[in-house]
Amino acid sequence: MRKVIVSEFVTLDGVMEDPGGAEKFERGGLFASDALLLGRVTYQGFAAAWPSMTDEAGFADRMNSLPKFVVSTTLEKVEWNNSRLIKGNVAEEVSKLKQQPGQDILIAGSGELVYTLMQHDLIDEYRLLVYPVVLGSGKRLFQDGSKTTLRLVPRDAQRDISKQTEKKSPKEKRRESK
């Protein structure tokens, strides 16, 4: 089964509105995935920028060629290459995507979509790129009242601003409670 992976920039106080000003994916996540799952706002920003980009490393080609599943109740159509609109039951549609063969499904940005998937326990892994700043306010990854158990998994030791967190499986939770 495919995993849904959330890749987000966050500050020390949990604000996820691109604290570093970079607005780009973690390279490894993009090349290890074979689909993007995007909310409307992120999709519109990406669709306006990526089709005209080029680079020698193949990053732009990868972004433009991947299948993109766009969750929106307001968009009528999506025009960026390989994009498909999801307007119905988001949890049901994402569950179906996870059952299909393939690599991971990557979400970047897309705060409202992430919140919806959290409520339905459809996120398998969080890749958080933590910036050592405190903004004090802004859109937070984990809203007030959100509860989830995460396990910190060290990533590349040379990348000191980034740590990967991964959600515990129900099996791991049961093992720890014994």
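Keep in mind that this is a model prediction, so the values were computed, not measured. (Residues numbered from 1 in each chain as written. Predicted model: local features only at pLDDT ≥ 70, side-chain atom pairs only at ≥ 80, totals over all residues. Heavy atoms only, no water.)

Some details on the overall build of the protein chain
Quick reminder of the rule: Note on conventions: DSSP H or I runs of at least 4 residues are helices, E runs of at least 2 residues are strands, and numbering of each starts at the N terminus. Throughout this description, buried means an accessible area under 20% of the type-specific maximum (1.4 Å probe, protein chains only), exposed means over 50%, and partly exposed covers the range between. Per-residue and other accessible areas were derived by the Shrake-Rupley procedure at a 1.4 Å probe size, with only the shown protein chains allowed to occlude residues.
What the protein chain contains, in helices and strands, is 6 helices and 8 strands. Starting at the N terminus and walking to the C terminus, you meet the elements of the protein chain as β-α-β-α-α-β-β-α-β-α-β-β-β-α. Counting all 178 residues of the protein chain, 42% fall into the buried class. Carbon and sulfur atoms provide 50% of the accessible area of the protein chain, an area that totals close to 9,900 Å².

So, the pairing of strand 5 (residues 104-108)
For clarity, the cut-off: The pairing criterion is simple: DSSP has to find at least two bridges between the two strands.
In terms of burial, strand 5 is a largely internal element, 5 of the 5 residues being buried. Burial of strand 5 is two-sided: the residues Asp104, Leu106 and Ala108 facing one way and the residues Ile105 and Ile107 facing the other way are all buried. Looking at chain direction, strand 1 (residues 4-11) and strand 5 are connected through 4 bridges and run parallel. Paired with Ser7 across the bridge in strand 5 is Ala108. As defined by bridge partners, strand 2 (residues 33-39) adjoins strand 5 across 3 bridges and the pair is classed as parallel. In the sheet register, Ala35 faces strand 5, and the bridge partner there is Ile105.

A short note on the environment of Ser65
Selection criterion: By definition in these notes, contact holds between two residues if any of their heavy atoms fall within 4.5 Å. Pairs of N or O atoms are called polar contacts if they sit within 3.5 Å, as long as, within protein, a hydrogen donor faces a hydrogen acceptor (for residues adjacent in sequence, only side-chain-to-side-chain pairs).
Residue placement: Ser65 occurs in helix 3 (residues 59-65). Along the primary structure Ser65 and Trp80 are separated by 15 residues, whereas in three dimensions their C-alpha atoms are 9.5 Å apart. Here Ser65 is in contact with Asn81 and Asn82, once residues within four sequence places are set aside. Within the structure, the side chain of Ser65 is placed 2.9 Å from the backbone oxygen of Asp61, a separation counted as a polar contact.

Concerning the packing of aromatic side chains
Going by this rule: Within 6.5 Å between ring centres, the rings of Phe, Tyr and Trp (the latter by its six-membered ring) count as paired, and their orientation is classed by plane angle as stacked under 30 degrees, edge-to-face over 60, tilted in between. Two limits define a charge over a ring: the Lys NZ or Arg CZ must be within 6 Å of the ring centre, and within 35 degrees of the ring normal.
A full pass over the atoms with the stated rule returns 5 aromatic pairs. Consider the rings of Phe9 and Tyr131, whose centres lie 5.7 Å apart with planes at 50°: the pair is tilted. Note that Phe9 is positioned in strand 1 and Tyr131 in strand 6 (residues 125-131), a separation of 122 residues in sequence. Through pairs of rings, three or more aromatic residues link up here, namely Phe31, Trp50 and Phe59. Taking the ring centre of Trp80 as reference, the NZ or CZ of Lys68 above it sits at 4.4 Å.

Some thoughts on helix 5 (residues 111-119)
Among the residues making up helix 5, those that are buried are Gly111, Leu113, Val114, Tyr115, Leu117 and Met118. Looking at the buried residues of helix 5, the elements they touch are strand 1, strand 2, strand 3 (68-71), helix 4 (90-99), strand 5 and strand 6. One or two positions beyond helix 5, positive phi appears at Asp121, with a value near 55°.

Regarding unusual backbone geometry
Positive phi values are uncommon outside glycine, yet Asn82 reaches one of about 60°. By secondary structure assignment, the location of Asn82 is in the loop between strand 3 and strand 4 (83-86). Although it is not a glycine, Asp121 sits at a positive phi angle of roughly 55°. Note that Asp121 resides in the loop between helix 5 and strand 6.

Looking at the pairing of strand 3
Neither face of strand 3 is left uncovered, since the one carrying Lys68 and Val70 and the one carrying Phe69 and Val71 both have all their residues buried. Relative to strand 3, strand 2 runs parallel, the two sharing 4 bridges. Along strand 3, the bridge assignment pairs Gly39 with Val71. For strand 3 and strand 4, the ladder comprises 4 bridges, and the chain directions are parallel. Note on strand 4: the bridge partner recorded for Val70 is Leu85.

Nothing here speaks to function; it is all geometry.
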